[in-house]
Amino acid sequence: MNAQKLIDTAKTLVAEGKGLLAMDESNPTCDKRFERLGIPQTVEARRAWRELIVTTPGLGESISGAILFDETIRQQKKDGTPFVTVLTDAGIIPGIKVDAGAKELAAHPGEKITEGLDGLRERLAQYSQMGARFAKWRAVIAPGDAIPSRGCIEANAHALALYAALCQEAGLVPIVEPEVLMDGDHTLERCRVITEEVLRTVFNQLYTQRVLLEGLILKPNMVLPGLTCPRQEGVDEVARATVRSLLWTVPAAVSGIAFLSGGQSAELSSARLNAMNAGFKSRLPWALTFSFSRAIQQPALELWRGEEANVLAAQKALYHRARCNSAARRGQYDAAMERA
Ligand code: 5MM
């Protein structure tokens, strides 16, 4: 393991003014989003959408790395240029989602365990050959009546740590993503308690598995009330609660934290990230940035709708969201940017 190389990559991914673009939706997820907008659910439509994204002019100004899916890392532009080359030429580091999805956890109704460890060492070597320099694995924790259980949290944390150690062995920076879902009517306080328990368990496991903390990026949820909770706290309360939970659970050695958006609107995701950086940046030991999928892609997807004639408008929307989040990474986002 080349520790310095891992640390350099991790620090580049969370550099000032930069964040990650998650474009690693599995085919079923991507197809579901296409179906809602009447876009054909075909390999070619998914390729065309991903070509639109990676060829967006100026994307590298705000995006340090793009997380790809297995299908996408093997694809090319219409003219035959591999997406990995297009990204690298734009100054964007290619990464790859390597988990095999969240499946029912035996004996734990309503809970999931992320699979994909079998053969992972070999897959990581192949992805590294293809040009990936970092990887991603997502664990899903659902708040509900009497859940999450210790069994679910521990099983997922253990898998995340084994994955992270294998990534570092292969020279890839692991993005460690334990997501506490927003679905449900739980309060912000309940989300805080669960998030802290999950993060404490994950970092215990990372330590036990000898993972180099400086050479990884944490991709957590923000601390939020459930989507159907009657009380929805304001931007500043969310920022304060999230920063507090991270300070209590994430070691200072970690290079960076890049949030998932998890179903928040694009504008709220930017505003909340901005409030954390504007209010607390000088007191934080790690960089706080974004690794959004829906909160960057969705407005552009709604403009594109699978039509060639809409490509430029969609790319402008994508560029705009990337710029807004870059500003939020600096603590310089303003809602007026949305009207500009
Ligand atoms: C939580 O999802 C991750 C971040 O996306 P959002 O910002 O939209 O929440 C995302 O990287 C996710 O892991 C991928 O889209 C893959 O999801 P699926 O469910 O297709 O494996």
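What counts, and at which threshold
- Residues numbered from 1 in each chain as written.
- Predicted model: local features only at pLDDT ≥ 70, side-chain atom pairs only at ≥ 80, totals over all residues.
- Heavy atoms only, no water.
- Phe/Tyr/Trp six-rings, centres within 6.5 Å; stacked < 30°, edge-to-face > 60°.
- Helix = DSSP H or I, 4+ residues; strand = E, 2+ residues; numbered from the N terminus.
- Buried < 20%, exposed > 50% of the residue type's maximum accessible area, 1.4 Å probe, protein only.
- Near = heavy atom within 4 Å.
- Polar contact = N/O pair within 3.5 Å; in protein donor to acceptor, adjacent residues only side chain to side chain.
- Areas by Shrake-Rupley, 256 points an atom, 1.4 Å probe, with all protein chains shown as cover.
- Nonpolar A, V, L, I, M, F, W, Y, C, P; charged D, E, K, R; others polar.
- Pairing = 2+ DSSP bridges.
- Right-handed = clockwise from strand over helix to strand, strands pointing away.
- Core = buried A, V, L, I, M, F, W, Y, C linked by side-chain atoms within 4.5 Å.
- Contact = heavy atoms within 4.5 Å.
- Arc of directions from axis to C-beta.
- Salt bridge = Lys/Arg side-chain N within 4 Å of Asp/Glu carboxyl O.

*Asks:* Tell me about the packing of aromatic side chains, and please be specific about residues and values.
*Replies:* Under the definition given, this model contains four aromatic pairs. With centroids separated by 5.2 Å and ring planes inclined at 25°, the aromatic side chains of W49 and W304 adopt a geometry described as stacked. Placement of the pair is W49 in helix α3 (residues 43-54) and W304 in helix α11 (residues 294-304), with a sequence separation of 255 residues. Residue classification places W49 among the buried positions, given a relative accessible area of 1%. Three or more aromatic residues joined by ring pairs form one cluster here, namely F34, W49 and W304.

*Asks:* Go over the site of the ligand with me, naming the residues and quoting the values.
*Replies:* Lining the immediate environment of the ligand, one finds 17 residues, of which S26, T29, K136, S261 and G262 sit closest. One of the side-chain nitrogen or oxygen atoms of K219 is found 3.3 Å away from an oxygen atom of the ligand. At 2.8 Å, a backbone N or O of S293 approaches an oxygen atom of the ligand. A total of 500 Å² of accessible area belongs to the ligand in isolation, and the protein chains cover 90% of it. Of all the elements in the fold, those that place two or more residues in the shell around the ligand are β6 (134-141) and β7 (173-180). Partitioned by chemical class, the residues of the shell around the ligand number three nonpolar, five polar and nine charged.

*Asks:* An account of the pairing of strand β10 (residues 287-292) is requested, with residue identities and associated values reported.
*Replies:* Regular strands place side chains that alternate from one sheet face to the opposite one. With six of six residues buried, β10 lies mostly within the body of the structure. Burial of the side chains of β10 extends over both faces: A287, T289 and S291 are buried on one face and L288, F290 and F292 on the other. Where strand β9 (residues 256-259) lies against β10, four bridges are found, and the strand directions are parallel. Paired with F259 across the two strands is F290, which belongs to β10. Tracing the backbone out of β9, into helix α10 (residues 266-280) and back to the parallel element β10 gives a crossover that is right-handed.

*Asks:* How would you sum up unusual backbone geometry? Please name residues and give values.
*Replies:* The step from I147 to P148 runs through a cis peptide bond, and the omega angle for that step is 10°. Note on placement: P148 falls in the loop between β6 and α7 (150-169). The phi dihedral of A107 falls on the positive side, at around 70°, and the residue is not glycine. With respect to the element layout, A107 can be found in the loop between β4 (102-104) and β5 (112-114). Even without being a glycine, R305 presents a positive backbone phi close to 50°. Accessibility expressed as a relative area gives 41% for R305, which makes it partly exposed.

*Asks:* Pulling in residues and values, what's your account of the nonpolar core?
*Replies:* One finds Y163 and L206 to be the most contacted residues of the largest nonpolar core, which totals 111 residues. Looking at which element gives the most residues to this core, the answer is α7, with 10 residues. Among residues more than four places away in sequence, those in contact with Y163 are V98, L117, L120, A135, K136, W137, P174, I175 and V176.

*Asks:* Give me the sheet that holds strand β8 (residues 217-218): which residues, what numbers.
*Replies:* The strand order around the closed barrel formed by eight strands is β1-β2-β3-β6-β7-β8-β9-β10, and the pairing between neighbours is parallel. With four bridges connecting them, strand β2 (residues 63-68) and strand β3 (residues 93-97) associate as parallel partners. Its bridge partner lying in β3, L68 is registered against I96.

*Asks:* Residue-level account of helix α6 (residues 120-130), with values.
*Replies:* Restricting attention to buried positions, one finds in α6 the residues L120, L124 and Y127. Relative to the axis of α6, the buried residues are bounded by an arc of 65° and lie together on one face. Note on α6: the residue one or two positions beyond its end, G131, has a positive phi of about 115°.

*Asks:* So, the pattern of salt bridges: which residues are in play, and what are the values?
*Replies:* Counted according to the given criterion, the structure contains 26 salt bridges. R329 is the salt-bridge partner of E16, the closest N and O atoms lying 3.5 Å from each other. Highlighted residues: E16 in the loop between α1 (3-13) and β1 (19-22) and R329 in helix α12 (residues 311-330), separated in sequence by 313 residues. Take E16: its relative accessible area is 43%, and that puts it in the partly exposed class.

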